[in-house]
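Tertiary structure, described
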Amino acid sequence: MFNLLRSDVYRLVRGKMLWVGLSFLALVVVGAAGLVWFATTPEFAQMVSEQAQQKPPQSGMSVTITTPNNAGLDAEEVQVLNEKTLGSRTYSYGNTFMVGFLGLIVAVLAALLASSDFDTGFAKNVLAGRGNRRAYFAEKLVLIAALCGAFLLAGMLLSDAAYAVLGFSYERTETVAEYWSWAGLSWLVLTSYAFLAALIAWATRSKVAGVVFAALVPTGFLGSMLLSAAAVLAPAMPLVGDAMQWLPLSVQQRLAAGGTGLFEAGASAAAGLSPAVQGLIVFGAITVACAALALTVCRRRDV
């Protein structure tokens with residue numbers, strides 16, 4: 001197992017896949033921080049003020065942003081727009097890269113890693129002996145989990161650096177427990193999505209299936225469709241609304257609020273549980289189930 005792990009790490013470091021993923025992550029974090037910074041500049045405040053003073057033309061239709069009295073922004077409103085403050089460090093992580101994008105990256109990488117050995121024929125040699133199969137899949141799961149942790153830490157460091165360079169400060173500071181609990185739960189979220197993508201790739205022997213899953217589920221595309229349908233059905237079927245609170249996307253959105261309220265059971269919490277407990281239950285169950293299936297069902301399948 002450890003020989004396989006060293007071999008895979010070597011191939012990742014020497015290959016392009018890891019560095020392309022990190023480059024995309026850096027691009028998104030820096031781009032998002034840049035957009036947030038632009039929203040605090042006087043130029044942006046002037047744009048908002050000018051838009052607020054615009055009146056729709058006599059003919060045709062248009063969508064404009066207006067104040068109640070069609071007046072420009074006052075000095076206090078402009079100052080609020082120009083403040084370079086964020087809710088907290090974990091809040092900036094959750095809204096910069098954690099919701100959707102990082103899950104997409106690690107799920108795609110997991111699907112490609114899971115299928116690469118079968119595409120090249122390397123897996124046939126490794127899995128020729130039945131006794132090596134459990135170690136093979138266990139090593140891949142360990143590697144995928146480590147990659148999720150590495151990408152999460154990279155995103156956190158990049159976000160801290162980008163907002164520090166741009167002069168941002170934070171309204172609230174998490175405790176050490178809140179900060180690292182949020183990081184641990186976020187790692188669990190990423191690992192569960194990556195394990196699911198790898199499991200699909202192993203079950204179908206197709207990296208395309210794993211990539212399609214990465215595009216639909218970790219990004220929140222499929223979850224948003226389910227939540228929209230549930231919003232229509234919930235008035236007539238309250239159980240549907242309750243069930244949607246346990247949807248991974250719903251739990252992930254609560255974690256995106258940051259670590260300062262991680263252990264507080266708010267009004268939207270399911271069954272009175274805090275986001276931390278609910279996230280541990282949902283994503284912990286997904287991770288354990290995927291690992292169990294990979295080590296039992298997938299290893300018995302013929303190469």
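Residues numbered from 1 in each chain as written. Predicted model: local features only at pLDDT ≥ 70, side-chain atom pairs only at ≥ 80, totals over all residues. Heavy atoms only, no water.

1. Quick word on the packing of helix α2 (residues 17-38) against helix α8 (residues 133-165)
Contact geometry of α2 with α8 gives a least axis separation of 10 Å together with a crossing angle of 30 degrees. Classified by the angle their axes make, α2 and α8 are roughly parallel. The way α2 lies across α8 gives a crossing that is right-handed. Here α2 contributes Leu 18, Gly 21, Leu 22, Leu 25, Ala 26, Val 29, Ala 32, Ala 33 and Val 36 to the contact with α8, which in turn contributes Leu 147, Phe 151, Ala 154, Gly 155, Leu 158, Ser 159, Ala 162 and Tyr 163. Looking at the contact of α2 with α8 residue by residue, the class counts come to 14 nonpolar, three polar and no charged. (Axes fitted to C-alpha atoms, helices over the stretch in contact; angles between N-to-C directions. Helix = DSSP H or I, 4+ residues; strand = E, 2+ residues; numbered from the N terminus. Parallel < 35°, antiparallel > 145°, perpendicular 65-115°, else oblique. Left-handed = near helix turned anticlockwise from the far one by under 90°. Contact = heavy atoms within 4.5 Å. Nonpolar A, V, L, I, M, F, W, Y, C, P; charged D, E, K, R; others polar.)

2. Re the confidence of the model for the chain
Counting all residues, the mean pLDDT for the chain is 82, and 83% of those residues have values of 70 or more. Across the chain, element-level confidence peaks in helix α9 (residues 176-204) with a mean pLDDT of 94 and bottoms out in helix α4 (residues 75-82) with 52. The low-confidence segment residues 59-71 (pLDDT under 50) makes 14 contacts with residues lying over four places distant or belonging to another chain. (pLDDT = per-residue confidence, 0-100.)

3. Topic: the nonpolar core
Ranked by size, the top nonpolar core spans 58 residues in total, and within it Phe 97, Met 98, Leu 102, Phe 151, Trp 202 and Phe 283 carry the most contacts. The dominant element in this core, judged by the number of residues it contributes, is α9, at 15 residues. Setting aside residues up to four positions removed in sequence, Leu 102 forms contacts with Leu 25, Phe 97, Phe 151, Leu 152 and Leu 190. (Core = buried A, V, L, I, M, F, W, Y, C linked by side-chain atoms within 4.5 Å. Buried < 20%, exposed > 50% of the residue type's maximum accessible area, 1.4 Å probe, protein only.)

4. Quick look at helix α10 (residues 207-216)
Within α10, the full set of buried residues consists of Gly 210, Phe 213 and Ala 214. Projected onto a plane normal to the axis of α10, the buried residues spread over an arc of 100 degrees and lie on a single side. On its buried side, α10 packs onto α6 (101-120) and α9. Backbone nitrogen of Val 208 and a side-chain oxygen of the N-cap are separated by 3.3 Å at the start of α10; the cap is Ser 206. (Arc of directions from axis to C-beta. Polar contact = N/O pair within 3.5 Å; in protein donor to acceptor, adjacent residues only side chain to side chain.)

5. A few points about the pattern of salt bridges
Tallied over the entire structure, the rule returns seven salt bridges. Here Arg 11 makes a salt bridge to Asp 8, at a shortest N to O gap of 2.3 Å. Remark: Asp 8 and Arg 11 occur in helix α1 (residues 2-14); sequence separation between them is three residues, near one turn of the helix. Note that Lys 140 is salt-bridged to Asp 8, the shortest N-O span being 2.8 Å. Taken together, the residues Lys 140 in helix α8 and Asp 8 in helix α1 connect sequence positions 132 residues apart. In this structure Lys 140 comes out as buried when scored by relative accessible area, which is 2%. Each of the salt bridges in this network shares a partner with another, and the network as a whole consists of Asp 8, Arg 11, Asp 117, Glu 139 and Lys 140. (Salt bridge = Lys/Arg side-chain N within 4 Å of Asp/Glu carboxyl O.)

6. With respect to the layout of surface pockets
Looking at the largest pocket, its volume works out to about 160 Å³. Lining the largest pocket, in full, are Met 17, Val 20, Gly 21, Phe 24, Phe 101, Leu 104, Ile 105, Val 108, Leu 109 and Leu 112. Every element with two or more residues in the lining of the largest pocket is listed here: α2 and α6. It is α6 that provides the largest number of residues to the lining of the largest pocket, a total of six residues. Counted by class, the lining of the largest pocket contains nine nonpolar, one polar and no charged residues. (1 Å grid on protein atoms, 1.4 Å probe; cavity = no way out; pocket = protein on both sides within 12 Å on 5 of 7 lines; lining within 4 Å. Points joined across faces, edges and corners; volume = space filled by probe spheres on them.)

7. Focus: the packing of aromatic side chains
A complete count under the given rule lists nine aromatic pairs for this structure. Judged by centre distance (6.4 Å) and plane angle (90 degrees), the ring pair of Phe 118 and Tyr 136 falls under edge-to-face. Highlighted residues: Phe 118 in helix α6 and Tyr 136 in helix α8, separated in sequence by 18 residues. Overall, the relative accessible area of 0% leaves Tyr 136 in the buried class. Centroid distance Tyr 163 to Phe 168: 5.3 Å. Interplanar angle 85 degrees. Geometry classified as edge-to-face. Residue Tyr 163 is classed as buried on the basis of its relative accessible area of 2%. Through pairs of rings, three or more aromatic residues link up here, namely Tyr 93, Phe 97, Tyr 179, Trp 180 and Trp 182. In this arrangement the basic side chain of Arg 205 is found over the ring face of Phe 118, its NZ or CZ atom lying 4.1 Å from the centre. (Phe/Tyr/Trp six-rings, centres within 6.5 Å; stacked < 30°, edge-to-face > 60°. Lys NZ or Arg CZ within 6 Å of the ring centre and 35° of its normal.)

8. Describing the environment of Thr 96
Its place among the elements puts Thr 96 in helix α5 (residues 89-98). Between the C-alpha atoms of Thr 96 and Val 36, which are 60 residues apart in sequence, the distance is 9.5 Å. Not counting residues up to four positions away in its chain, the partners in contact with Thr 96 are Val 28, Val 29, Ala 32, Ser 159 and Tyr 163. At 3.0 Å, the side chain of Thr 96 forms a polar contact with the side chain of Tyr 163.

9. A few points about the environment of Leu 143
Tracing the sequence through the fold places Leu 143 in helix α8. Relative accessible area serves as the criterion here: at 4%, Leu 143 is assigned to the buried category. Along the chain, Leu 143 and Leu 113 lie 30 residues apart, while their C-alpha atoms are 9.3 Å from each other. Beyond its immediate chain neighbours, meaning those up to four positions away, Leu 143 contacts Leu 5, Asp 8, Val 9, Leu 12 and Leu 113.

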